[in-house]
Amino acid sequence: MAKTKTMKKLIKTVVVLVALGVFGFIVFKLFFASDKNIIFNTASLSKSDPSPVERAIDKTEKMTVVCENDKLKMQYDYESDLIVVTDKATGTTLRSYPELTELEKANNEKGKEAFATLTSPLIVGYTTTSKDIQDRGINQILADNNEAKNATSTAQKPTSTSSALPLTSTTASATPKVYATSSRTMVPKATIIQSEKIANIIKNNGGLQLVYKIPSLGFEITAEFTLEDNVVVSFIPRNGLKETIGECRLMSIIALPYFGAARQGDKGYFVSPDGSGALTKFDAPRVSRVISYEKQIYGPDMTFADITLFPDYSELNITMPVVGTIKPGIMLSSFAVESEEKAFLVLNNPGDRSLPFYRSGFKFLLRNDFYIRLSKAADAFRQTENKMAVGNLKVKTYIDVDTKKDFTYVNVALKAKEVLLQKWKDKYGIDKKMSDEYNTSYINLKVFLGAENRYTSTLASVKVMTSFDEVQQIYSKLKDNGVKNVRISLLGWTKKGYFGNATDKFNPEASFGGTSEFIKLVTWAKNEGIELSIENNDIELYAKPKNGISLKSATVRRPGTEYMQFKYPSAAGIFRQSTDFYILDPLYFKKNLLDNNIIKIKDFGVESIDLTTYGDKLFTDYSMSNPLLRQESLKTYVDILKKYDSSFKNVSVYYGNDYAASVADKILDIPLNKSYNAILDEAVPFIQIVYHGLLSYYSEPINSDDHPQTAFLKSIEYGAFPSYELTYRKTDELKYTFYDKLFSSDYLTWLDDITKAYNSVQNDLIDLKNQTIINHYKALDDKNVFCTEYSNGTKIYVNYEETTVNVKDLKIEGLSYLKVVEGR
Amino acid sequence: MRIKRILCFTLLIMIVLQTSLSVFANTPYPNYFIAAGSWSLPTPAAYEPTKIIDFDKPENGKLNGPTDIFIKKNKEKGDTIYIADSGNNRIVVLDSNWNFKYAISDGITDNNDPAKLNNPQGVFVDDNDTVLVADTGNKRIVEFTKYGSFRYQYKAPSDLILGENFADEYKPIKVVKDYRDYIYVINEGDGKGVLMLSPGGDFKSYYGANKVRLSVWESITRQLWSRESRKGNIVNLPYSFNNIMVGNDGYVYVTTTGLNSQQVRKLNSAGTDVLFKNDKDFSDRSITFSLGVGNRQTFVDVTVDNDNNMTIIDNAACRIYQYDEIGRNLFAFGSRGNGNGQFLEPSSIDTDSQGRLLVLDRTSATITVFNKTKYAQTVHTANKLYSEAKYDLSFPEWDKVIQQDSYYIHALQAKGLTYMRKEDYSKAMDEFYKAEDSDDYSIAFEQQRRIFIKDYFAIIATSVIIASVLLLIYASIKSKNKKKYGIKSPKKNFLTPISSFFKWIIHVAIHPIDGFEGIRYENQGKMRDAFIIMFLYTVSNIAAAYSTSFIYRGGMPLDFVDWGSIIQISLIPWIVGIIVNYGVTTIVYGEGRFRDVFIGGAFCHVPLLLTSLPIALISNFFTEKERGFYSLANNAVMLWVVILIYFCIKGIHGFHPLKAFFVTLLTAVGCVAVALLFVIVYGMANQFIDFIIQFVKELVYLG
């Protein structure tokens, strides 16, 4: 009896202990799961070994010819670390770094770091502690570590030989010694061997291979420079990047940083695809406070973004991996062609490291750094990613030299068009062509249907701004004014309106009319012959996911297991603290939801779809279940877009990152401006020149612009079809929703403007839709008058001045435009 | 002592670097206005950056930590811009095209030269083009001729009021002159006010002094201190001024540092703030939390344009705010950053003759020029016409404003007031309703009600009389029938249980002594009744929230009615109250069971259930002036509830009246304690969980 009691007690105790253990384990897994075990799928990343070499270049050789073809010749000088590319037809030489004046040389004897950076074929970002990341010229890193080594070895072995490298004679700055002597991660002093640079000529087609070995940091870096036709290829094979010491981590690499550099006052400029495109002129006045510009291609990676309270109103994203340099008779068009998703476009004003040069290039991110917060109360601290999750790094620089020709940004854009078409074909299997067969509506009318009232949290009500029936009434009114061929894009058609749940959206909001009215609207549009499109948000979650989708396993996470949450800005320009939105994992969406979603949308009879996120946001996902590198996110996006493309008549994306544009039929909200960054001087229609004729693109809503009239003219100048965002009911109804950014949308207010814009497109722009923009320039030096030329000879002059101006014999009225057709 | 000396200066006209910006882009900052109630609502851009004035090299006038900008306006000949280039110990002068003209006190090496400036932080130019400089480092005000020649210096003033050591503490940072040639000097850190000097430089008085502000807690604790203790304590001096300007209207505008209210003032000649009667907090509540706990916006400069619109700049969040003559916020914009049109450390702002705003940035040493947009021009025009009582002319301008920004409340208010002046009260009410302006709505409503009563008085009076007569006839017939046939047993129908329920609960509310004792001792209370009461009470609260008049909601839109909160507010006090009361009465030997407390607690809500909706409905007939009636009704109901609570406790627990009184008090105290405890436990639990998570994460990441 007693035994049984004891047994029972024992069993009870064991059961309780086991239950507690299981509970503890679950809690631990839920809250403290580590991302250290996350294994990203890197199978698709190309990883090459360094090329086999023909021979090593002797340190005493001068200007060795390392590679040559019909058009170009490449030479390398070991001592000065100079790479010279010669255009054979003209004899023009391009140096890996510009020549210094005698005075500058003399000055740089004092400031060796600047000189070492200038002459470096690579600028390498690295860290030894995660806290302090520094970008330094490879020659400086070599010099620092040799100096440190010399200092150490001198003490040990007074007879140590001096460095063979030309730059090691420099005196080391105070910082480098830290790396060689202090860190617990360093190799023992006794085992330090000298850093070295080895220059080789690559086998077969030739080319320069530079191998850098820095044992004190545990780095080995191989970079290769070759020629292909009129292209200089900078290539860093992934397997040529090696790290052997724990916390010494490579963070980034820029190849040939000063190739194509220019001085202040030179003629020429850089052109970058910042926003619509921007020029950085070498002879423009320079403000002194901003020296460098670094922006990630395809937009910042939100997963690693710093925690900030204020949205940035001054910066726009970069849509394609290209940067151009225009100098008299010379055009350099550089493209990041491998790992471009991880590249930053870099522009520098004179002043960086006290060097008097402008420079441009691509900085490849090998690792992200990010801030992690262990608790709500604790300060965030900086961490770096554990592994280098990149493939090969490659930049191709097209060299066009014609001393009789004035190259402009238009030439770079046209080259970009050519290169991107080829890239889309090679990488995504999409053969996009200049076509004369694509449907274009003259104008895009975004109709905002409604959003939840943000102050009634428990039983939220939806503010109806336009019901499904009222959409038809808006159109009917426009039709009375002769506005017919429009596309109507429905915003917030889903359950609970604009900020509805993306995982529970297929019952169109009842207060707008519900499913039956929605289907009626779709049928009506078909009968009227209108392109009715719905804005479809697949992965931005404005609430926790529903329908069996787990927040824990199906949403994007930051490193450190936190959810990647984003917030919505308020009118006062601060992120609303009450909004915590999530992102659904793109891979999860593709695997589990995409097909079903397409079927459901098609069931409504919808033929056109406007896809959010895919064209303007790209990120890494540190979720345990579906980890995704930025590169893989891009591929997933392309797959999703292709699937939509095969299911719908028209697929549109926003903003226009190039991978999305490759699949899409239309781009909405294409940027028509550059950023406010002080390094950028002038906005140009660079991406418009690339896309024009390949697909239609629409402006951002003109009625939301600070200057609707000039915004309309800008869309005409840039070849963009105008767009408006309308509501049937008065805009002030939106005051207490998260969509209060819309301040003037009443359709009756904008009726006349829309009619005018429609007529302009109908009369002047629509026949140019399949033409290439072949030139764009300022028509008058001292006036804001611009001209866009199309391949059929048509010219559009746009006058932003308030008064009439004369361009040659043409009279263009103030705040107006003039179309000039060739032969008339 | 006056010293005259000709100062040599370079009259080299050098080209200053000016970066022109695209006028087509949207601005690099948010644009909004602060409506009543501190709501921020978007507007199209009011000002946009059009030029960045930078000075690339020292010889061209590269600024170093500039702190003040002053624009001498001259529409015909062009403005002249003076900059206190503090780090370079000089005053830089630019022409109307922002080209470098010359610099005052530039390149002087002789320390004994009276023209040599030392960290000048303020500059002012009077009508005669005399340049006054607050030469901070040299503790003096210096006067230069319009050609930049040294004329006078005003050393630290002396006066009994100023004290013996004043000359040592004197640190002039800003200086201006009024139309009487009186000189006003901001002495850094001086809490007594602005120093007012006579034209000869003699001290006259302190001007516009701040009051000493003590928090309630400080006031109480000071009362407890002994005289000796007070002596030893640091005197909490008023906060000091940091900038000053004289407007075209003769008023002196000042900004202060460190205050929670009245950070900006418009002072008359007596030094009294004429802008706001009450303490006005200029800080922008929508962004205050972003500055961190204890930090506040610091308004460092003020400028006034030709229309007397006042623009102030804050260097904590790098925001600019513009107010009209009567202190309404017209626009807010600006952001921190490196981009063109953004700021790092704005130090000064001024308006030129064309209405452009020039903002000086101390860290980037640049000037950003902001042009007024067409939208802002429309707002200014409409506002000016309106303030000049040209209501009809202002009306179409306000319409234009609303077309461009549907949220712009000032336009709606102005339209409403114009309608009111035209005696179109109905339309005026519509506009005020949209503007959420309950005060003006109330005035319009009062007039509308007056007209309504006047128009329909005969009908209303006749209806009342007929209704009264009919009622009397009905009562008399009923009374006759009662006498003739006796009391009839009422017919039963589906309404019978409802009416008997209400009769019962009203009976309890009116006869609480019998009612509550009946609940306890005669088992008259039913759990079902308690649930029904609380359900109906919650529903009536929701209905009341929707039915309360716009005026008595204080202009709050119905969008703010949150069912969830109302349900919580309706039920939580009841639940907490019954738990606390049951707990308290258990200790003091109350006889009531939990069931009785539960039911009794619900019955205490009956007065609210019966009156909240009718009072809310009646509120629609009253104006703001008659709020007293509304409050009285509500207070009377609350008193009724308190009486019920008392009798509930007494009746249900069978307490002596005095004991019941103390138990009632104890229950109230207990409820407060529970609320506090909840806050503390909730906060601590959060902290504890956060600590555990941090601890384990540290193990995982750093271990």
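As the structure is a computational prediction, the values presented were derived from the model and not from experiment.

Caption draft 1: Spatial organisation of the overall build of chain A. Counting its secondary structure elements, chain A contains 15 helices and 43 strands. The proportion of buried residues among the 824 residues of chain A is 62%. Sequence separation of at least 24 residues holds for 68% of the intrachain contacts in chain A that already meet a minimum separation of 6. Carbon and sulfur atoms make up 51% of the accessible area of chain A, which amounts to about 31,500 Å² in all.

Caption draft 2: Focus on the environment of L241 of chain A. All names here are of chain A. Here L241 shows up in strand 12 (residues 241–243). Remark: the alpha-carbon pair of L241 and N392, spanning 151 residues in sequence, is separated by 9.5 Å. Setting aside anything within four residues of it in sequence, one finds L241 in contact with E220, I221, I236, L250, I253, L366, M388 and L393.

Caption draft 3: Up close: the side chain of S647 of chain A. All names here are of chain A. As for its position among the elements, S647 is in helix 11 (residues 630–647). You can call S647 buried: its relative accessible area is 15%. Residue contacts for S647: discarding those within four places in its chain leaves I598 and K602.

Caption draft 4: The arrangement of the sheet that holds strand 34 (residues 666–668) of chain A in detail. All names here are of chain A. The 8 strands are arranged 25-28-29-32-33-34-36-37 in a closed barrel whose pairing can be described as parallel. Averaged over all pairs of adjacent strands, the angle between their axes in this sheet comes to 25 degrees, without regard to strand direction. Pairing of strand 29 (residues 531–536) with strand 32 (residues 608–611), which is carried by 4 bridges, proceeds in the parallel orientation. When the bridges of strand 32 are listed, E535 appears paired with D610. The strands touched by helix 7 (residues 468–480) within the sheet are strand 25 (443–448), strand 28 (486–491) and strand 37 (721–726), with strand 28 carrying the most contacts at an inclination of about 155 degrees.

Caption draft 5: Focus on the pairing of strand 5 (residues 68–72) of chain B. Residues and elements named next belong to chain B. Summarising burial for strand 5: 5 of the 5 residues are buried, a large majority. Of the two faces of strand 5, both are covered, the one formed by D68, F70 and K72 as well as the one formed by I69 and I71. Examined bridge by bridge, strand 5 and strand 6 (residues 80–85) share 5 bridges and lie antiparallel to one another. Across the sheet, residue D68 finds its bridge partner in strand 6, namely A84.

Caption draft 6: Empty space enclosed by the protein, seen in detail. Residue and element names in this part refer to chain A. One pass over the structure, following the stated rule, counts 6 cavities of 30 Å³ or more. Its boundaries defined by the atoms lining it, the largest cavity holds a volume of some 150 Å³. Every residue along the wall of the largest cavity is listed here: S234, A255, L256, F259, T325, L332, S334, S360, G361, F362, V395 and T397. Elements with a minimum of two residues in the lining of the largest cavity: strand 19 (330–338), strand 21 (357–365) and strand 24 (393–401). Looking at which element gives the most residues to the lining of the largest cavity, the answer is strand 21, with 3 residues.

Caption draft 7: Summary view of unusual backbone geometry. Residue and element names in this part refer to chain B. Positioned with a positive phi, D181 is a non-glycine residue whose angle comes to about 70 degrees. Structurally, D181 is set in the loop between strand 13 (172–177) and strand 14 (183–187). Owing to a relative accessible area of 35%, D181 belongs among the partly exposed residues under this scheme.

Caption draft 8: Main features of the packing of helix 10 (residues 586–603) of chain A against helix 11 of chain A. Residues and elements named next belong to chain A. Helix 11 packs onto helix 10 with a crossing angle of 15 degrees between their chain directions and a minimal axis gap of 11 Å. By the angle between their axes, helix 10 is roughly parallel relative to helix 11. Handedness of the crossing formed by helix 10 with helix 11: right-handed. Mapping the contact onto sequence places P586, L587, F589, K590, L594, D595, I598 and K602 in helix 10 and T636, Y637, D639, I640, K643, Y644 and S647 in helix 11. Taken together, the residues of the contact of helix 10 with helix 11 break down into 8 nonpolar, 2 polar and 5 charged.

Caption draft 9: Spotlight on the pattern of salt bridges. Residues and elements named next belong to chain A. One pass over the full model with this rule turns up 72 salt bridges over all chains. As a salt-bridge pair, R382 and D369 come within 2.9 Å of each other at their nearest N and O atoms. Taken together, the residues R382 in strand 23 (residues 381–384) and D369 in strand 22 (residues 369–372) connect sequence positions 13 residues apart. According to the relative accessible area criterion, R382 is partly exposed, its value standing at 24%. Classification of D369 as partly exposed rests on a relative accessible area of 25%.

Caption draft 10: A look at the pairing of strand 38 (residues 773–778) of chain A. Residue and element names in this part refer to chain A. Here strand 38 runs beside strand 39 (residues 785–790); their pairing, made up of 5 bridges, is antiparallel. Each residue of the ladder has a partner; that of I773, found in strand 39, is Y790. Hairpin connection of strand 38 to strand 39: 6 residues between the antiparallel strands.

Criteria and thresholds
Residues numbered from 1 in each chain as written. Chains lettered and ligands numbered in written order. Predicted model: local features only at pLDDT ≥ 70, side-chain atom pairs only at ≥ 80, totals over all residues. Heavy atoms only, no water. Helix = DSSP H or I, 4+ residues; strand = E, 2+ residues; numbered from the N terminus. Buried < 20%, exposed > 50% of the residue type's maximum accessible area, 1.4 Å probe, protein only. Contact = heavy atoms within 4.5 Å. Areas by Shrake-Rupley, 256 points an atom, 1.4 Å probe, with all protein chains shown as cover. Pairing = 2+ DSSP bridges. Axes fitted to C-alpha atoms, helices over the stretch in contact; angles between N-to-C directions. 1 Å grid on protein atoms, 1.4 Å probe; cavity = no way out; pocket = protein on both sides within 12 Å on 5 of 7 lines; lining within 4 Å. Points joined across faces, edges and corners; volume = space filled by probe spheres on them. Parallel < 35°, antiparallel > 145°, perpendicular 65-115°, else oblique. Left-handed = near helix turned anticlockwise from the far one by under 90°. Nonpolar A, V, L, I, M, F, W, Y, C, P; charged D, E, K, R; others polar. Salt bridge = Lys/Arg side-chain N within 4 Å of Asp/Glu carboxyl O.

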